[in-house]
Amino acid sequence: MGTGSKSSHQSYAVSPTALAEAPAAPLDITGAPAPGEGTDLTGAAAGAAGEPAFEVPELPEPVVEPAPPAEPPAGEDPLAELDALLGTESESEPLTAAAPPEEEAQEASAEGELQSSSEEPSAEEAALLQAEDNAEAQEEEEETDPPLTPVPAAPPVGEPTGTPILVGGDDFINSEATLVAYNSPDGPHEVLLTHISEEAEEKLLDALSIPGTHMEEIQVEEEVKERLDLDKEKKLAELTKTAVSSVQHKLKTGSEMSDASIAKHQAAVDAVSAVLNDPSISDDEKAMAQHYMDQLNVVKDKIDNGGAPMPWMDAYEVTATKMVTKQIPVPNGDPEPGTLAATVRKASRIQANLDPATGQTSWDGVSRSSANGTEYEIDMGDGWKAVYRPYKDNDPKHTEYSLRGQLEVHAPAGAGHGKDLVERLEQLHLMNKPMTAAEGEWTYLANNIQAQGLEGSAGVKAAMDTAQGLQDLQVQEIVHQRMESLMGLDSDALQTAMKRIHLEASHKVLPMKVEVVRDAVAKASGFSSGAELAASPGYEPTPSTGGKWLTWSRFDVTGKKAEIQSAFKGRSLSHNLNGGDLASLLGVGVLASTEKRAVMGIGGGLGLSEQADKMTGGANSVFLRVKKTPSSPGGGRLIWDDPSVLMQRSDYYAYNSDHYGAINPAHHNYNAGAITRDPMKIAKFTGSSNEIMFRNGIDLLGAEAPSRIVCHTAAERSSILASLTARGITQLGGKPVEDVLCTEADY
């Protein structure tokens, strides 16, 4: 947590586990082979019995130009520092580059002669050159593998749902983030809203200097209790305790005293007697020896006569005053180099306001509503800031579970910060590049593993371990390539560089990780290979991006739509507005969760149990129910007569009774045995208060639109129809709007 010590950065250590032995030279794993072309890698973990082993792509042999060693700064050992960061021993064999072909070697020699005639760049210049190279590489990559969701330079001002985007890697739940530009008199307030995974929190906290966590060593005088040196030397306490324990066991079990117990007692008596009979011992030492002899006399009585178990024996200790070194928190210390200053405060939420007349959302950049929990306000410099609600400081038993992991990044007032909002995530040690198609498939697979309950598959577990090992190797390769520039950095700069290398490695190696995990997921779900799974009609490794939300599908539903429809035959999914304004809901166009409504500027009180849902975690989702398809539904209802439209999403979970959408293990409404993500089980729900939770919400005007929207009156229907028509919305879910909008009187 920004303590500046090496121990605080051990999450970045490398410990490859996937390979039987490390290669002699770092491997170029940036160019993954096409799906299905991989071959077995010696030492790769195999699946469990009954599961075919997955294949690991063959790693191509690299050609790496050797870099001349740099002179380490006086008094520093950069190699040792790198070893510590990489989790390797300094005695281990160094990484060596493969010898280049003869022609390339001659070219490299000539180039080296030219460079030797000019001054070599400094470490800082080398870092700048490396940054330029990285930027050029990123531009080339974006041209060949463009982002799944391009980041707008300026998100649309006043749009309550903002612009959904996907960020690469797996630092964020479902890789989702939203860019919102709030209206205000000072100009747009642009904010990035996201929810980081609990596993990524350590990286973020390591970027911060949090009051009370910066430690300082001081020397203080303190009274301590300790054993005498003679006791430690002669091991009198140990011998006496051994005798006591041996006899105590016999007393508790009613067993006869054994020769071994008697021998242990005699050994202790001999050692203690030798000390007592030494005329040179001090008064304290004599008191210590007598303390143990008194204990041994009790043991002797129990050996001879038996009886009840003995009281617990304590070692003899004396009180001494000593100078001890202690670490104490510094409440208001300056931020450590390379970290961001953070202030701890009571949790809050953006207090925005949605204008029902215009449908625009606004916020003054300051007003916030209170919440039950703790958050950090983070100064990112140059007018930028962030607000984070940590997992570690928000006890699930007593704080709002739904806010844990929420992150806001705020740009200075004004428009045009869209791309910078994403790039600034690097300051928090988080992934900061838009998601590409290869990265999208990784998130798709991860979501399907959870949705289909494949986490317990031995093959999937082994594949995830192998994927991590591949990433560790990529880190080593990058370090090897940049060894010269890294060796010229001081400790703080080196720590920062290593964290960036880990982010870069995660991005580069993802295509190969995808291939490994895809193959394991395929075999765990009944396919012969990853290639067969990828070619199946239900495999859709890109999210739905056409509406207000980004949603990922699950191939066990999209590939078996007819089976899902058959399972739900005669049953529908529905949502009752409970007196809410249907026209206002369709004006916004989304059925949004409690947490989403808060940042959109929609006031509270619309849900039946908003505060309880914040404690259970259900506030991050919207609630639907499975019911027999109603023949005469009441007004104010949304009905999906074809549940497969929503069941293809991968982010839902369900209970067959009312649990307030609980995902908080510390809450009394949570029931791990009752929760399910299986659509076939959900189709058979019979509980009248069953509930299905969909994360974030449902886009009512896009592909997920309900098949029926039941209005209370004909006048309400006419008003809503006119509003939709004026906005150019003529179809909902592929049906004419007139066929979707209906009234109670129509049945």
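We now turn to the structure provided with this report. This structure is a prediction, so every number in the text was calculated from the model and none was measured.

Section: the overall build of the protein chain
- Broken down by element type, the protein chain carries 23 helices and 23 strands.
- Counting across all 747 residues of the protein chain, residues that qualify as buried make up 46%.
- Summarising the internal contacts of the protein chain: among those between residues at least 6 apart in sequence, 76% fall at separations of at least 24.
- Accessible surface for the protein chain amounts to roughly 34,900 Å². Of this, 50% is attributable to carbon and sulfur atoms.

Notes on the packing of helix α11 (residues 458-481) against helix α13 (residues 491-524)
- Two elements in contact, α11 and α13, have axes separated by 7 Å at closest approach and are oriented at 150°. Regarding the angle of α11 to α13, the classification is roughly antiparallel. The crossing of α11 and α13 is right-handed.
- In terms of residue class, the contact of α11 with α13 is built from 18 nonpolar, six polar and three charged.

Considerations on the pattern of salt bridges
- In the structure shown here, the tally under the stated rule is 26 salt bridges.
- The shortest N-O distance in the salt bridge between R597 and E610 comes to 2.9 Å. Highlighted residues: R597 in helix α18 (residues 594-600) and E610 in helix α19 (residues 610-616), separated in sequence by 13 residues.
- The exposure class of R597 is buried, given its relative accessible area of 13%.
- Among the residues examined, E610 registers a relative accessible area of 14% and is labelled buried.
- By sharing partners, the salt bridges in this structure join R345, R368, E375, E377, K385, R389 and E408 into a single network.

Let's talk about helix α7 (residues 259-276)
- The end-to-end C-alpha distance of α7 is 26 Å, a good match for the 26 Å that 18 residues give at a rise of 1.5 Å each.
- Burial in α7 covers these residues: S261, H265, A268, V269, A271, V272 and V275. One face of α7 carries all of its buried residues, which in axial projection span an arc of 165°.
- Those residues of α7 that are buried lie in contact with α5 (229-234), α6 (236-253) and α8 (283-305).

Regarding the packing of aromatic side chains
- Using the criterion set out here, one finds five aromatic pairs in the structure.
- Taken together, a centroid distance of 5.6 Å and an interplanar angle of 70° make the contact between Y182 and W363 edge-to-face. With a gap of 181 residues between them, Y182 in strand β2 (residues 172-182) and W363 in the loop between β9 (361-362) and β10 (368-381) connect regions that are remote in the sequence.
- Here Y182 falls in the buried class, since its relative accessible area comes to 0%.
- Among the residues examined, W363 registers a relative accessible area of 4% and is labelled buried.
- Between Y444 and Y539, the aromatic rings sit 5.0 Å apart at their centres with planes inclined by 90°, giving edge-to-face as the arrangement. Of the two residues, Y444 sits in helix α10 (residues 437-451) while Y539 sits in the loop between α14 (530-535) and α15 (555-558), which places them 95 residues apart along the sequence.

A word on the sheet that holds strand β4 (residues 208-209)
- The eight strands lie next to each other as β1-β2-β3-β12-β11-β10-β7-β4, forming an open sheet whose pairing is mixed. Of all strands in the sheet, those with a lone pairing partner are β1 (163-166) and β4, marking the two edges.
- Examined bridge by bridge, strand β11 (residues 384-388) and strand β12 (residues 406-410) share four bridges and lie antiparallel to one another. Note that in β12 the partner of K385 across the bridge is H410.

Cut-offs used in this document
- Residues numbered from 1 in each chain as written.
- Predicted model: local features only at pLDDT ≥ 70, side-chain atom pairs only at ≥ 80, totals over all residues.
- Heavy atoms only, no water.
- Helix = DSSP H or I, 4+ residues; strand = E, 2+ residues; numbered from the N terminus.
- Buried < 20%, exposed > 50% of the residue type's maximum accessible area, 1.4 Å probe, protein only.
- Contact = heavy atoms within 4.5 Å.
- Areas by Shrake-Rupley, 256 points an atom, 1.4 Å probe, with all protein chains shown as cover.
- Axes fitted to C-alpha atoms, helices over the stretch in contact; angles between N-to-C directions.
- Parallel < 35°, antiparallel > 145°, perpendicular 65-115°, else oblique.
- Left-handed = near helix turned anticlockwise from the far one by under 90°.
- Nonpolar A, V, L, I, M, F, W, Y, C, P; charged D, E, K, R; others polar.
- Salt bridge = Lys/Arg side-chain N within 4 Å of Asp/Glu carboxyl O.
- Expected span 1.5 Å × (residues − 1).
- Arc of directions from axis to C-beta.
- Phe/Tyr/Trp six-rings, centres within 6.5 Å; stacked < 30°, edge-to-face > 60°.
- Pairing = 2+ DSSP bridges.

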